[in-house]
Amino acid sequence: MNFITCLYAFGGSLAFAILMNIPKNKLVLAAFGGFIAQFTFILGHLYFDSTVISCFLATLSLAFYSEVMARQTASPATIYLVVSLIPLVPGSSIYYTMLYFVQGDTQTGIETGLYTLAIAGALSMGIIIVSSTSKLIHRINQKRNTSQVK
Amino acid sequence: MTLSEIGHIAMEMGTLLLSSGAETYRVEESISRVCLSLGVKEAEIFVIPSTIIIYLRKSGDEAITRTRRIHHRAIDLTTVDQINDLSRRLGREKLSYLEIIKEIETIRAIPEYPLFLQIFSTGFAAFMFALFFNATIKNSLFAFMIGIMIDLQIRYMAKFETNRFFMTVIAGMLISTVAVVVTLLGFTDSFNTIIIGSIMPLVPGLAITQSLRDVIAGDYLAGITKGLEACLIAAAIAIGIAIPISFFHSILGVII
């Protein structure tokens, strides 16, 4: 695993940020999420021997980054989330799944397909955990503030 | 402000949000926040990815129901950001009907990034992700060219309102045809990384994320719709790429 891929992830995310028409002043911030995602992914891979777990950790960190940036810049978390998630999307596994099926290697194809689904599942779990937690914290703070006013 | 004016504002904002790719729960939240801050007693909002239905009641039995069908959806997160901002501002400031309509028109008129930059970005995304997946510089440059090509192709087909599934299949076929032909002509020795880099601009990242967020918010109907869209596009990419590859595989007997 090579740390230069973090820079590629940043560049790719930046291009996606432009394609999704993200406001000019938030372009770099959003693309930096892609950098963080790939960086965490590589770090995770150093300690765990599983791509799925590394993907899960990377999603946790990028979702956390998105929520923090959303509060800081007063914009929806989606703006950051959508862009920084792109480097983790299992594009290459989708391709290899298809390739194995075309080559008639159904066994390996199914295996790779299940692996793709596992990564997609890890991404979803990461996002679900962080956004639900942040919503919960937000609600608790809101409630505390209103009860103080009363 | 009369009830029908409030209804108009709410509908305009909701339509802009939904047609720019916002999650349905965000549309519902924003509309109801706006209506309540404009002095409506009761606001029932129902949004699915293709329709908005609102019911507003002010005082007594004065009530209106409005509905709108969304035909065209594109990704424009600047609009989502700005409308979200406006809906929060309406809770703090008092603006008149005409002022709010003017604000909405300003947001609608915010220009996108220039066309050449968008086309270049598609190529650049393909280039970067080819490098990301361990391609050589030469292969990545091929991915860059293919990226620009599919961007032009999708733009051209979108002019004739072709459906997204078909456009993606054609894009996939273009990608793998060019990649395989370039390899057969001997410019590179492997087309795998070229193809993987080039399909990244087609990957339904927004649909995946939004469908998840809708499901978390308890909007299962919207979540399923967007999730199905994501699965369909992923399938379209795979089908489009598989057709030329299996053609070369069986007709020419090329080992791949």
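Above this text you will find the structure in question.
Computed from a predicted structure; not experimentally measured. (Residues numbered from 1 in each chain as written. Chains lettered and ligands numbered in written order. Predicted model: local features only at pLDDT ≥ 70, side-chain atom pairs only at ≥ 80, totals over all residues. Heavy atoms only, no water.)

Asker: Let's hear about the pairing of strand E1 (residues 42-48) of chain B: which residues, and what values?
Answerer: Residues and elements named next belong to chain B. Covered by surrounding structure in E1 are Ala 43, Ile 45 and Val 47 only, the residues Glu 42, Glu 44, Phe 46 and Ile 48 on the alternate face being uncovered. One ladder, built from seven bridges, connects E1 with strand E2 (residues 51-57); its direction is antiparallel. If you follow Glu 44 over to E2, its bridge partner there is Tyr 55. (Buried < 20%, exposed > 50% of the residue type's maximum accessible area, 1.4 Å probe, protein only. Helix = DSSP H or I, 4+ residues; strand = E, 2+ residues; numbered from the N terminus. Pairing = 2+ DSSP bridges.)

Asker: Explain unusual backbone geometry to me, using residue names and the numbers behind them.
Answerer: The residue Ala 74 of chain A is not glycine, and still its phi comes out positive at about 50 degrees. For Ala 74 of chain A, the location among the structural elements is in the loop between helix H3 (51-73) and helix H4 (78-85). One non-glycine residue, Asn 134 of chain B, adopts positive backbone phi at about 70 degrees. Along the chain, Asn 134 of chain B turns up in the loop between helix H5 (115-132) and helix H6 (137-159). Under the relative-accessibility criterion, Asn 134 of chain B is labelled exposed at 69%.

Asker: So what's going on with the sheet that holds E2 of chain B? Residues and values would help.
Answerer: Residues and elements named next belong to chain B. Spatial strand order, E1-E2-E3: three strands in an open sheet with antiparallel pairing. Unpaired on one side and paired on the other, E1 and strand E3 (63-69) mark the two borders of the sheet. Here the average twist between neighbouring strands, direction ignored, is 5 degrees. Taken strand by strand, helix H1 (residues 3-19) contacts E1, E2 and E3, and its axis lies near 155 degrees from that of E2. (Axes fitted to C-alpha atoms, helices over the stretch in contact; angles between N-to-C directions. Contact = heavy atoms within 4.5 Å.)

Without other data, these values stay purely geometric and don't point to any function.
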